[in-house]
Structures are given as C-alpha cells and as structure tokens.
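# Coordinate inspection notes
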Amino acid sequence: MTELSAYHARLPYGERVSADPVLGSPFFPFDGEIQVRPLDEPIVPEPPRRGEPGAPPCDQCAEPEKYLVWQDDTWRLYAGFEPIGLPMVAVLVPVEHVTLHMMPPALAASFGVMIQRVALAIGRIDGVGRVHFARYGDGGEHFHTWFFARPLGMMQLRGPMLAVWDDLLPRVPDEEFQANCRTVAEALNAG
Ligand SMILES: [Zn+2]
C-alpha cells in the first residue's frame with residue numbers, strides 16, 4: 001500500500017494494534033478484556049455509497065417522508081432510527097440531493113444557520129445537557145449531518161463515544177421519543 005501515501009505505507013495491516021490508549025479513559029464505555037480487530041487493507045477506489053452509481057438508491061430521495069420530523073423548503077430533519085438510547089439522535093438533510101462538494105454557496109451558508117437552529121431546538125428537550133453534531137458522509141451520498149443529545153450531567157457520555165452510548169443505553173419509550181420529536185419540530189417552527 002506504499003503507492004497510496006506515506007501514511008498508508010506505515011500502517012500494520014493484518015495486525016492488532018494495542019487497545020491500551022483508550023482503555024481506562026473516562027470516555028471509553030468498555031472495560032475488561034478488549035481486543036482491537038486486525039487492521040484491514042484499504043480498498044481503493046472505495047465502494048459506492050447509497051445514491052451513487054452501482055449502489056442502492058438514496059434513502060432520503062427514495063422515501064423522503066420516512067422518519068421525517070420537520071421540514072422547510074430547503075432542509076429536512078429526520079429522527080427515530082433504532083436503537084434509541086439518547087433523548088434525541090437526528091439527521092439534518094438538504095431537500096436537494098447534493099454532496100458537500102457540490103452544495104451551492106447559498107445552501108452552504110444556510111447550513112451554518114441550521115446547525116445552530118437544530119442544536120438549540122434539541123436543547124429544548126427535557127434533560128438535555130449539550131447537543132453534539134457530526135458529518136461523516138461514509139454511508140450515503142446525499143449530504144447529511146448527525147445530531148446527538150447528551151443527557152444533562154452525564155459526564156461519562158462526553159465526547160465522540162456518545163454515538164456508541166446511544167446503542168448501549170436502555171431504549172427511550174416510544175411515547176417519550178415522539179414527544180421529544182414534537183418539542184424539536186415546534187422549536188424549529190418557532191424559529
Ligand atoms: Zn438523495
């Protein structure tokens with residue numbers, strides 16, 4: 001893999017690196033016997049993402065109403081994907097099928113405003129201490145940003161492992177989660 005980059009050439013493919021740097025960290029949710037998986041070789045070109053030629057259709061364009069919590073002319077917010085262990089995990093998606101690279105400047109500018117609006121709206125849910133957000137883009141081509149509600153006072157849930165805790169914590173009851181979705185939608189409608 002030396003041909004990809006100097007970085008790639010250094011990595012120990014097929015080997016297990018040590019888990020020690022994260023074991024014992026206050027933000028790492030696991031303890032006991034932990035083994036890191038052997039490191040896979042890179043795949044280049046990368047396999048197509050949903051919505052790209054050769055992959056299944058884009059979820060948001062195929063079923064725009066599924067999991068929809070709120071929308072305006074430009075943006076949609078989705079929530080309700082299983083499992084649900086946090087008060088809110090939501091995805092902000094432009095109505096138009098664009099990537100970050102092809103997003104028109106006006107849409108890119110409104111994205112900044114929407115980050116603030118969605119974070120404040122999710123923060124209105126009872127018991128939410130902070131709202132994290134992240135853009136990965138590895139699963140689907142249609143631009144999307146994840147929002148995660150970190151419960152108030154749960155200092156162990158700080159940082160990037162919050163998304164893992166979402167899979168681990170007891171399931172939020174449907175009725176409560178739907179009420180949380182309404183809180184977010186009402187806050188966004190109120191501007
Ligand atoms: Zn799409």
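No experiment lies behind these values; they were computed from the predicted model shown. (Residues numbered from 1 in each chain as written. Predicted model: local features only at pLDDT ≥ 70, side-chain atom pairs only at ≥ 80, totals over all residues. Heavy atoms only, no water.)

You'll often see interface size given as the accessible area lost when the parts meet. For the protein, the domain assignment lists domain 1 (1-44) and domain 2 (59-189). Taking only C-alpha atoms into account, the centre of domain 1 sits 29 Å from that of domain 2. Taking both partners together, domain 1 and domain 2 bury about 510 Å²; carbon and sulfur atoms supply 74% of that area. Considering only the side of domain 1, the residues that lose the most area to domain 2 are Phe27, Pro29 and Phe30, jointly responsible for 83% of the buried surface there. Between domain 1 and domain 2 we count zero salt bridges in total. When its residues are assigned to classes, the side of domain 1 that touches domain 2 shows five nonpolar, no polar and no charged. (Domains from an automatic or database assignment. Buried area = accessible area lost by both parts, 1.4 Å probe. Salt bridge = Lys/Arg side-chain N within 4 Å of Asp/Glu carboxyl O. Nonpolar A, V, L, I, M, F, W, Y, C, P; charged D, E, K, R; others polar.)

On to the coordination of the zinc ion, then. Protein coordination of the zinc ion is provided by Cys58 (SG), Cys61 (SG), His97 (ND1) and His142 (ND1), with donor distances spanning 2.0 to 2.3 Å. One can describe the donor arrangement at the zinc ion as tetrahedral, given that its four donor atoms subtend angles of 99 to 117° at the metal. Donor residues for the zinc ion sit on one chain with the sequence pattern C-x2-C-x35-H-x44-H. Here Cys58 is found in the loop between α1 (6-10) and α2 (59-62), whereas its partner His142 is found in the loop between β4 (128-134) and β5 (145-151), with 84 residues between them in sequence. Overall, the relative accessible area of 2% leaves His142 in the buried class. (Donors = N, O, S within 2.8 Å, 3.2 Å for Na, K, Ca; no water. Tetrahedral: all angles 85-135°; square planar, octahedral: opposite > 155°, others 65-115°. Helix = DSSP H or I, 4+ residues; strand = E, 2+ residues; numbered from the N terminus. Buried < 20%, exposed > 50% of the residue type's maximum accessible area, 1.4 Å probe, protein only.)

Right, let's get into the environment of Ala79. Position of Ala79 among the secondary structure elements: in strand β2 (residues 75-79). For Ala79, a relative accessible area of 7% translates into the label buried. Residues Ala79 and Leu92, 13 residues apart in the sequence, show an inter-C-alpha distance of 9.1 Å. The contacts of Ala79, once residues within four sequence positions are left out, are Tyr67, Val69, Met88, Val89, Ala90, Phe177 and Cys181. (Contact = heavy atoms within 4.5 Å.)

Our next topic: the environment of Val98. Note on placement: Val98 falls in the loop between β3 (89-94) and α3 (105-122). By relative accessible area, which is 1% here, Val98 ends up buried. It is 33 Å that separates the C-alpha atoms of Val98 and Leu11, two residues lying 87 residues apart in sequence. Every residue in contact with Val98, bar those within four places of it in the chain, is listed here: Met103, Pro104, Leu107, Glu141, His142 and Phe143.

The amide bond that connects Val44 to the next residue, Pro45, takes the cis arrangement and shows omega of 0°. With respect to the helices and strands, the residue Pro45 is situated in the loop between α1 and α2. Pro83 follows Glu82 through a cis peptide bond whose omega is -10°. Mapped onto the secondary structure, Pro83 falls in the loop between β2 and β3. One non-glycine residue, Tyr67, lies in positive phi territory at about 70°.

Moving on, we come to the sheet that holds strand β1 (residues 68-71). Taken together, five strands build an open sheet; the order of strands is β1-β2-β3-β5-β4 and the sheet is antiparallel. Lying at the two open borders of the sheet, with one neighbouring strand each, are β1 and β4. Here the average twist between neighbouring strands, direction ignored, is 25°. The pairing of β4 with β5 spans six bridges and is classified as antiparallel. When the sheet's bridge partners are listed, Val131 is paired in β5 with Ala149. (Pairing = 2+ DSSP bridges. Axes fitted to C-alpha atoms, helices over the stretch in contact; angles between N-to-C directions.)

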